[in-house]
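Inside the fold
What follows is each chain in one-letter form.
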Amino acid sequence: MKTPKRKSKQESSAQRFKVAVVQAAPVVFDRERTLKKVQSLSEDAARQGARLVVFPEAFVSAYPRGLDFGAVVGSRTEAGREQYRRYWESSVDVPGHAVQMLGRIAKSSKIYLVIGVIERDRGTLYCTVLFFSPEGTYLGKHRKIMPTASERLVWGFGDGSTMPVFDTPLGKIGAVICWENYLPLMRAVMYAKGIELYCAPTADPRDSWIASMRHIAVEGRCFVLSCNQFNRRRDFPSDYGAEIGADPDAIVTRGGSCIVDPFGNFLAGPNTSDEVILTVEIDRAQIVRGKFDLDVVGHYARPDIFQLQVDERAKKPVTSLNGD
């Protein structure tokens, strides 16, 4: 009887590796200082051995918690318009300088970098996640397709053309932002694309969110990497413009970041107490072990009953036709 061959170091490292989620606060409305903080935090995660590092929703440079931008039904204020201009000024052009900087950060730290940014395209802002390889290559983006509630005042809607899942040596990486995770059909799309490292940057600190991360990990038989900002009042400008108190140590967003395996077990977190980098080694073989009894787009699906049609074409507001 032949002795089974041992896995090579290369095969073993492809199955087992460290991942990290960053729970921290940006420098609100200051893109350049936030990018410097991203560099420092990425380097720290890399020193801990992380090969994939995920940052929260809207990390560069702000999730505008509590702001109303002076908008009520039928009226907008000049002060609110100025708040929007300030937000727009600190946002990110894709492509642009900030994207180049993030690529350099990924390269210098030798990590896959997944990070939430506020993207500007002409006069519109989008809640976007950017993806970078350890070589510093910009891989692509996902624009949030459904901003939640008042987010719709300041963020545009993404379309089906930016729902990527990237096939990497670590596995298939994609991102679903905040309450997009409550769209069952969107989750189905990601599962159909074979997502294995399911990144869920968010701004939701509720217990119900943490429960959802466990559900999604089990449902998709994937690793879920969820990260939220941890903010205190001092992380916001003194003239921020929202009622978030005056005590500099008051917690505004409590985090709740966590890493969950395909069986719904917490590997790290949830942390609701401080700024932290959660780092853990994962075993990708757990994905296949889980698929044995649950593959919602495979043997557990019923395509004879249920089918989903997805339109991934880019939607442009203006298309020019000519006779050339």
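Residues numbered from 1 in each chain as written. Predicted model: local features only at pLDDT ≥ 70, side-chain atom pairs only at ≥ 80, totals over all residues. Heavy atoms only, no water.

Quick look at the overall build of the protein now. Of the regular secondary structure elements, the protein holds 7 helices and 16 strands. Radius of gyration (C-alpha) of the protein: 20 Å, near the 20 Å computed for a compact globule of 324 residues. C-alpha atoms of the protein, sized along the principal axes, occupy 80 × 55 × 40 Å. Across the 324 residues of the protein, 50% fall into the buried class. Counting only contacts in the protein whose residues sit at least 6 apart along the sequence, the fraction spanning at least 24 positions is 69%. For the protein, the accessible surface area stands at approximately 16,200 Å², while carbon and sulfur atoms represent 51% of it. (Helix = DSSP H or I, 4+ residues; strand = E, 2+ residues; numbered from the N terminus. Rg over C-alpha atoms; globule rule 2.2 N^0.38 Å. Buried < 20%, exposed > 50% of the residue type's maximum accessible area, 1.4 Å probe, protein only. Contact = heavy atoms within 4.5 Å. Areas by Shrake-Rupley, 256 points an atom, 1.4 Å probe, with all protein chains shown as cover.)

On to a nonpolar patch on the surface. Where nonpolar side chains cluster on the molecular surface, the patch consists of M146, F157 and L183 and spans about 240 Å² of accessible area. Relative to the helices and strands, L183 resides in the loop between β9 (171–175) and α5 (184–192). (Patch = residues over 30% accessible without salt bridge, like charges linked within 9 Å, V, L, I, M, F, W, Y side chains within 5 Å. Salt bridge = Lys/Arg side-chain N within 4 Å of Asp/Glu carboxyl O.)

Take helix α2 (residues 31–47) next. Think of an α-helix as 3.6 residues a turn; residues three or four steps apart then line up on the same face. In a regular helix each residue adds 1.5 Å, so 17 residues correspond to 24 Å; α2 covers 24 Å between its end C-alpha atoms and thus fits that length. All of the buried residues in α2 are T34, L35, V38, L41, S42 and A45. On an axial view of α2, the arc spanned by its buried residues comes to 125°, and they lie on one face. In α2, the exposed positions angled more than 90 degrees off the buried face are occupied by R33, K36 and R47. If you follow the buried residues of α2, they end up packed against β1 (16–23), β2 (50–54), α4 (97–109), β5 (112–121) and β16 (276–283). Looking at the residues trailing α2, positive phi occurs at G49, about 100°. (Expected span 1.5 Å × (residues − 1). Arc of directions from axis to C-beta.)

What follows covers the packing of aromatic side chains. Summed over the entire model, instances satisfying the criterion amount to 11 aromatic pairs. An aromatic cluster is defined as three or more aromatic residues linked by ring pairs; in this entry it consists of F29, F69, Y87, F236 and Y240. Lying over the aromatic face of W88, R120 brings its terminal NZ or CZ to 4.3 Å of the ring centre. Over the aromatic face of Y126 sits the side chain of R143, whose NZ or CZ is 3.7 Å from the ring centroid. (Phe/Tyr/Trp six-rings, centres within 6.5 Å; stacked < 30°, edge-to-face > 60°. Lys NZ or Arg CZ within 6 Å of the ring centre and 35° of its normal.)

Moving on, we get to the pairing of strand β10 (residues 197–201). The buried count for β10 comes to 5 of 5 residues, which makes it a mostly enclosed element. Alternating positions in β10 separate into two faces, L197, C199 and P201 on one and Y198 and A200 on the other, with burial throughout. For β9 and β10, the ladder comprises 3 bridges, and the chain directions are parallel. If you follow I173 over to β10, its bridge partner there is L197. After leaving β9, the chain enters α5 and then returns to the sheet as β10, a path that is right-handed. When β10 meets strand β11 (residues 223–227), the two strands line up parallel, connected through 5 bridges. When the bridges of β11 are listed, A200 appears paired with S226. On the question of chirality, the crossover connecting β10 to the parallel β11 by way of helix α6 (residues 207–220) is right-handed. (Pairing = 2+ DSSP bridges. Right-handed = clockwise from strand over helix to strand, strands pointing away.)

Attention now goes to the environment of A20. Here A20 shows up in strand β1. Residue A20 is classed as buried on the basis of its relative accessible area of 0%. Once the C-alpha coordinates of A20 and R187 are considered, the two residues, 167 residues apart in sequence, prove to be 22 Å apart. For A20, the contacting residues outside a window of four places in its chain are A45, A50, L52, V53, V54, L225, I277, L278 and T279.

Before going further, it helps to examine the pattern of salt bridges. Under the criterion given, the structure shown has 27 salt bridges. Across the salt bridge formed by R143 and D121, the nearest N and O atoms sit 3.0 Å from each other. Of this pair, R143 sits in strand β7 (residues 138–143) while D121 sits in strand β5; the two residues are 22 residues apart in sequence, bridging distant segments of the chain. The partner of K193 in a salt bridge is E312, and the shortest N-O contact between them spans 2.9 Å. In this pair, K193 is assigned in the loop between α5 and β10 and E312 in the segment after α7 (285–291), connecting sequence segments 119 residues apart.

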